[in-house]
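Residue strings, one per chain:
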Amino acid sequence: MFGLIGHSTSFEQARLKARSLGYDEYADGDLDMWCAAPPQLVERVTVTSPTGQQIQGAYIDSVFVPEMLRRFKTAKRKVLKAMELAQKKDITITALGGFTSIIFEDMNLLKEERVSAVELDWTRFTTGNTHTAWVICQQVETNAPRLGIDLATAKVAVVGASGDIGSAVCRWLQRRGVGELLLVARRPQPLIDLQQSLGEGRILALEEALPEADVVVWVASLPQSLEIDTASLKKPCLMIDGGYPKNLDSKAAAPGVHVLKGGIVEFWQDIGWQMMEVAEMAKPQRQMFACFAEAMLLDFEALHTNFSWGRNNITLANMDRIGEASLRHGFRALELEPSDQAPAVLARA
Ligand code: NDP
């Protein structure tokens, strides 16, 4: 059995959802009340692979909302309590979605094995980052040529290059061969370490990298205040919005700049579930975060282990492995709409 731990994208959205589900007490409650609320197992589903295999799953709402990020103790408790609930419900492999994996890593929750009387078994959880990194790389490889961008000569900026997903994307793109990797993050030392381990890549500030890049992979949670000077961007430019929340389409809207929601997959058929509506997917019945899909894939493949765990441990071999499973079980990375593609490329198709 697989599990998904998620949360609403905002407090306002969470209250609306509570109202629609008939939880009026929550819908009327203030943030303090939500901070004290326990996690909820809100939905159970059955998922069928094109191979005919069926798995059962459950969605746990951590009752966390991004407005709680600065309340460190609350954020920490929300994540650990949701994990405890998953374990108590005997879910074999659970993905930490949205901010929950970031809170887990940033607040070093590995030290917090014990929640109440329950000892957490880390092998039951995955960040889902290996599949997310693989999906983002597929999105680069598939969509850049559709805009007439030749990856063999293209400059690819990775914003968040020193992170867990970003460093895996860099390793993948290096193996595939791209013109040049532009490495962007705030702290210099992790970037220098990455550059040394890759043996290539140019470290740049964001504002230096953007005007040079044919492709930008965003794998960092960026401040709402970020502004992009779209006039200075190359045209065409492919932007893969892989961070959370996904807020680039409005910031980088300009002719010739193509923003694609990164790390999102579409399943081969509708799943009778409600859970992706809170995540604002275009097709919530079959689209989901790649990290959630990783828990499903691990269950389909009977790989009941913390496949993605810790930071900067993602290997190319594991990306290949989860990628093969992804295709076998009917997932496809989100692609640009045909209206976004270069006319000359469409004419050839
Ligand atoms: P990490 O914390 O491991 O890495 C984050 C990276 O972003 C680091 O390199 C960090 O370096 C950099 N960074 C953070 N803030 C900024 C900034 N303001 N400007 C430039 N660089 C910045 O995170 P993960 O790799 O686990 O996740 C990356 C992103 O992907 C997150 O936003 C996460 O929510 C999202 N995600 C999306 C999924 C999906 O859509 N399917 C699934 C899983 C995660 P430094 O601190 O030095 O700046």
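Since this is a predicted model, take the numbers as computed values, not measurements. (Residues numbered from 1 in each chain as written. Predicted model: local features only at pLDDT ≥ 70, side-chain atom pairs only at ≥ 80, totals over all residues. Heavy atoms only, no water.)

Brief notes about the site of the ligand
Step number 1: Neighbouring the ligand are 26 residues, the closest being S162, R186, S221, K246 and R311.
Step number 2: The contact in question runs from an oxygen atom of the ligand to an N or O atom on the backbone of D164, over 2.9 Å.
Step number 3: Residue R186 places a side-chain N or O atom 2.7 Å away from an oxygen atom belonging to the ligand.
Step number 4: When the free accessible area of the ligand is taken as 920 Å², the share hidden by the protein chains comes to 90%.
Step number 5: Listing elements by their share of the shell around the ligand, those giving two or more residues are α6 (129-146), α7 (164-176) and α11 (290-300). (Near = heavy atom within 4 Å. Polar contact = N/O pair within 3.5 Å; in protein donor to acceptor, adjacent residues only side chain to side chain. Areas by Shrake-Rupley, 256 points an atom, 1.4 Å probe, with all protein chains shown as cover. Helix = DSSP H or I, 4+ residues; strand = E, 2+ residues; numbered from the N terminus.)

Side note on empty space enclosed by the protein
Where empty space is left can be seen by rolling a probe of water-molecule size over the atoms.
Step number 1: Under the definition given, this model contains one cavity of 30 Å³ or more.
Step number 2: What lines the largest cavity is a set of 13 residues, among which G6, H7, A279, F289 and F292 lie closest to the centre.
Step number 3: Within the lining of the largest cavity, the residues separate by chemical class into eight nonpolar, five polar and no charged. (1 Å grid on protein atoms, 1.4 Å probe; cavity = no way out; pocket = protein on both sides within 12 Å on 5 of 7 lines; lining within 4 Å. Points joined across faces, edges and corners; volume = space filled by probe spheres on them. Nonpolar A, V, L, I, M, F, W, Y, C, P; charged D, E, K, R; others polar.)

What about the sheet that holds strand β3 (residues 54-61)?
Step number 1: With respect to topology, five strands assemble into an open sheet ordered β2-β3-β1-β4-β7, the strand pairing being mixed. In this open sheet, the two edge strands, each paired with only one partner strand, are β2 (40-48) and β7 (125-126).
Step number 2: In this sheet, β3 lies alongside strand β1 (residues 2-6) in parallel orientation, the contact comprising five bridges. Bridge pairing in β3 links I5 to I60. (Pairing = 2+ DSSP bridges.)

Remarks on the domain arrangement of the protein chain
Step number 1: Per the domain assignment, the segments of the protein chain are domain 1 (1-126 + 265-333) and domain 2 (130-263 + 335-348).
Step number 2: Between the C-alpha centres of domain 1 and domain 2 there is a distance of 26 Å.
Step number 3: The interface is formed by 31 residues belonging to domain 1 together with 23 residues belonging to domain 2.
Step number 4: Here domain 1 meets domain 2 over a buried area of about 2200 Å², counting both sides, of which 62% is carbon and sulfur.
Step number 5: Its largest share of buried area at the contact with domain 2, domain 1 owes to I314, M319 and A333, together 30% of the area lost on that side.
Step number 6: Viewed at the interface, domain 2 and domain 1 are joined by two salt bridges.
Step number 7: Its salt-bridge partner being D320, residue R175 comes within 2.9 Å of it at the nearest N-O pair.
Step number 8: Our count for the contact surface shared by domain 1 and domain 2 stands at 13 residue pairs in polar contact (both at pLDDT 80 or more).
Step number 9: When contributions to the side of domain 1 that touches domain 2 are tallied by element, the ones reaching two or more residues are α5 (99-106), β15 (287-289), α11, α12 (316-328) and β16 (331-333).
Step number 10: Of the residues forming the side of domain 1 that touches domain 2, the biggest block, eight residues, is contributed by α12.
Step number 11: When the residues that make up the side of domain 1 that touches domain 2 are grouped by side-chain class, the tally is 16 nonpolar, eleven polar and four charged. (Domains from an automatic or database assignment. Contact = heavy atoms within 4.5 Å. Buried area = accessible area lost by both parts, 1.4 Å probe. Salt bridge = Lys/Arg side-chain N within 4 Å of Asp/Glu carboxyl O.)

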